[in-house]
Amino acid sequence: MPFLAYLIIGALQAPVEIRMAAHRSMDKPGAVAQEPVKTDISVRNEGHALLNLYLDDSQFPSMTVLDGQTHRRISLAAGESMELNYLFKAERGVYVWKSMQAVASDPFGLFELKKDIPAYGELLVRPASLKLNSLSLRPRDTLHTPGSISIRLSGSSTDFLGIREYRPGDSLRHLNWRLGARHPRRFFTNEYEREEIADFGLILDARKLTTAQAVEETIFEASIGAAASLAEVLLKQGNRVSLLVFGETMASLFPGYGKRQLHRILRSLARARLGSNLPFGYLEYFPTRLFPSRSVLVMLSALGVQDNETYARLRSFGYDIL
């Protein structure tokens, strides 16, 4: 009889449906790897009272909860709201939440009803980059647009290039009065180097070249950090930058400028994973739209011995290889 009574009470108080709404918010749209991020989930009961409710927000294996809880068991009356808060950190990647799980049951837990409550959220965890203030690269060819790369042509920079005789139209501010004093009736003008921008292509090698997985993962993460640092500095200097992640699946970004291009590059680097060993010779067949002629190709690779021929071929196409 006691067991039968428990069964009857549980059946009478078992939930019929779950009608809930949830909203997820995070204190920042993006973060650096291992940077703390706070998550707030607001849940509202839009149906009947739920006497025994268990809420669980699914977590990814590469996440670590620092404070708070990702699950909670409560009772929620009709129209009542509650919040779930926790602080976590995560490794590099793109994290997408679509829902959270709600499990309602009678007070004794005999009859359960499960439902996924939509609670969308997305977080881009960028790779940790080095703090590089400047980068001294002098490519042979530039885009003939004002920038930060000094070239051996006269212009309006501050780096001294040479002295020549005065021509009508030259700025009087650049006259070399000392040399003119030693040569009466003649005038001389100081010339300064012109500064322009250039095309840079970042190629991240995401191939598994050995069986030493732990070592390769360490090198790969360092390569991703280097690519992020280079992209940030080169774009800050005004250059045009493209990206190719070469591995099991190839992700490419065509040349672009500014913060928007940096966000695209960081997003692609966040998704990058080591993959199978594809022939490196595929690089010879990529369109010039991805790597314009005379651009500088920055290779981030473990340098397989079998890749030497490909590097030589790319060099023969007119690319500067770094």
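Now for a description of the structure that goes with this document.

1. Quick look at the packing of aromatic side chains
Link 1 in the chain: Scanning the model with the defined rule gives five aromatic pairs in all.
Link 2 in the chain: Centroid distance phenylalanine 60 to tryptophan 97: 5.5 Å. Interplanar angle 70°. Geometry classified as edge-to-face. Residue phenylalanine 60 is located in the loop between β4 (50–56) and β5 (63–68), and its partner tryptophan 97 is located in strand β8 (residues 93–105); the two are separated by 37 residues in the primary sequence.
Link 3 in the chain: The class for phenylalanine 60 is partly exposed, based on a relative accessible area of 28%.
Link 4 in the chain: Summarising the aromatic geometry, the rings of tyrosine 95 and tryptophan 97 are spaced 6.5 Å apart at their centres and angled 25° between planes, so their arrangement reads as stacked.
Link 5 in the chain: Through pairs of rings, three or more aromatic residues link up here, namely Phe60, Tyr86, Phe88, Tyr95 and Trp97.
Link 6 in the chain: Above the plane of the ring of phenylalanine 254 lies arginine 289, whose end atom (NZ or CZ) is 4.0 Å from the centre.

2. Focus on the sheet that holds strand β12 (residues 199–205)
Link 1 in the chain: The five strands are arranged β14-β13-β12-β15-β16 in an open sheet whose pairing can be described as mixed. A strand with exactly one partner marks an edge of an open sheet, and here the two such strands are β14 (251–256) and β16 (320–321).
Link 2 in the chain: Looking at chain direction, β12 and strand β13 (residues 240–246) are connected through seven bridges and run parallel. Bridged to phenylalanine 200 within β13 is valine 241.
Link 3 in the chain: Contacting β12, β13, β14 and β15 (296–300), helix α3 (residues 213–236) crosses the sheet at an angle of about 170° to β12.

3. Some details on the side chain of serine 295
Link 1 in the chain: Counting through the fold element by element, serine 295 comes out in the loop between α4 (258–271) and β15.
Link 2 in the chain: By relative accessible area, which is 1% here, serine 295 ends up buried.
Link 3 in the chain: Within polar-contact distance, the side chain of serine 295 engages the backbone oxygen of proline 292 at 2.7 Å.

4. A closer look at unusual backbone geometry
Link 1 in the chain: In this model, glutamine 34 sits at a positive phi of 70°, which is unusual for a non-glycine residue.
Link 2 in the chain: Tracing the sequence through the fold places glutamine 34 in the loop between β2 (30–32) and β3 (37–45).
Link 3 in the chain: Here glutamine 34 falls in the partly exposed class, since its relative accessible area comes to 39%.
Link 4 in the chain: Positioned with a positive phi, arginine 185 is a non-glycine residue whose angle comes to about 65°.
Link 5 in the chain: Tracing the sequence through the fold places arginine 185 in the loop between α2 (177–182) and β11 (188–196).
Link 6 in the chain: Here arginine 185 falls in the exposed class, since its relative accessible area comes to 85%.

5. Considering the sheet that holds strand β1 (residues 20–26)
Link 1 in the chain: If you walk across this open sheet you meet the four strands as β1-β3-β7-β5, and the pairing is antiparallel. Either end of the sheet is taken by a strand with one partner, and the two such strands are β1 and β5. Strand-to-strand, the axes of this sheet are offset by a mean angle of 30°, without reference to chain direction.
Link 2 in the chain: When β3 meets strand β7 (residues 81–90), the two strands line up antiparallel, connected through eight bridges. By the bridge assignment for β7, threonine 39 is matched with tyrosine 86.

So, how was this worked out
Residues numbered from 1 in each chain as written. Predicted model: local features only at pLDDT ≥ 70, side-chain atom pairs only at ≥ 80, totals over all residues. Heavy atoms only, no water. Phe/Tyr/Trp six-rings, centres within 6.5 Å; stacked < 30°, edge-to-face > 60°. Helix = DSSP H or I, 4+ residues; strand = E, 2+ residues; numbered from the N terminus. Buried < 20%, exposed > 50% of the residue type's maximum accessible area, 1.4 Å probe, protein only. Lys NZ or Arg CZ within 6 Å of the ring centre and 35° of its normal. Pairing = 2+ DSSP bridges. Contact = heavy atoms within 4.5 Å. Axes fitted to C-alpha atoms, helices over the stretch in contact; angles between N-to-C directions. Polar contact = N/O pair within 3.5 Å; in protein donor to acceptor, adjacent residues only side chain to side chain.

Honestly, that's just the spatial picture; any functional story needs more than this.
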